[in-house]
Amino acid sequence: MPLLDILAIRDILPHRYPMLLVDSILELEEDRIVGVKNVTANEPFFAGHFPDFPVMPGVLIVEAMAQVAGVLVLSHIPDRKNKLVLLASIEQAKFRRPVRPGDQLRIEMKVTRRKASVAKMHGQAVVDGLVVAEAELMCKLADRDPQVATRAAEETVPVA
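Residues numbered from 1 in each chain as written. Predicted model: local features only at pLDDT ≥ 70, side-chain atom pairs only at ≥ 80, totals over all residues. Heavy atoms only, no water.

Turning to the pattern of salt bridges, a few remarks are in order. Summed over the entire model, instances satisfying the criterion amount to 13 salt bridges. The closest approach of N and O atoms between Arg80 and Asp11, which form a salt bridge, is 3.6 Å. Residue Arg80 is found in the loop between helix H2 (58-75) and strand E3 (83-95), and its partner Asp11 is found in helix H1 (residues 6-12); the two are separated by 69 residues along the sequence. A residue is classified by how much of its surface remains accessible, and Arg80, at 22% relative accessible area, is partly exposed. Judged by relative accessible area, Asp11 falls into the partly exposed class, the value being 38%. For Arg32, the salt bridge is made with Glu27, and the minimal N-O distance between the two is 2.6 Å. Note on Glu27: relative accessible area 28%, which makes it partly exposed. Connected via shared salt-bridge partners are Glu27, Glu29, Arg32, Arg106, Glu108 and Lys110. (Salt bridge = Lys/Arg side-chain N within 4 Å of Asp/Glu carboxyl O. Helix = DSSP H or I, 4+ residues; strand = E, 2+ residues; numbered from the N terminus. Buried < 20%, exposed > 50% of the residue type's maximum accessible area, 1.4 Å probe, protein only.)

What follows covers the packing of aromatic side chains. A full pass over the atoms with the stated rule returns 1 aromatic pair. Aromatic pair Phe45 and Phe46: ring centres 4.6 Å apart, planes at 65°, arrangement edge-to-face. Take Phe45: its relative accessible area is 16%, and that puts it in the buried class. By relative accessible area, which is 5% here, Phe46 ends up buried. Just above the ring of Phe53 sits the side chain of Arg100; from NZ or CZ to the centre is 3.9 Å. (Phe/Tyr/Trp six-rings, centres within 6.5 Å; stacked < 30°, edge-to-face > 60°. Lys NZ or Arg CZ within 6 Å of the ring centre and 35° of its normal.)

As structure tokens, this is what we get:
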């Protein structure tokens, strides 16, 4: 049973389909988080990447890692509807194995340094116990226009 399901994640992150790349959070601590992305055959990027050998693009694996990191940062902020977590840097990114339809990405992010509005994290994405990607990400907390945050919270998004 996940600690946070997709509805709780949508309450924390501003991302929506097709850019919401986290399906559940399994573990959440002050400086560590574990999230899951279920990679399905109907992901929109598989139509062109690559039709005969579908592979999840590395940049989207890193984006999923950044979103898991964003859940960690935003989950500890009381006024998170007025904040955004922006990706500031990517370092030491390595892609070890292709991620294919049917895989489940288990993403673990750990804070290595934290300041008031910046967090540096190391992360790994694992499929079936094997590391498929890893990177160091730096995220910056930014103010969000409160009117935009209120409108986003009130929007109803159809379920696909």
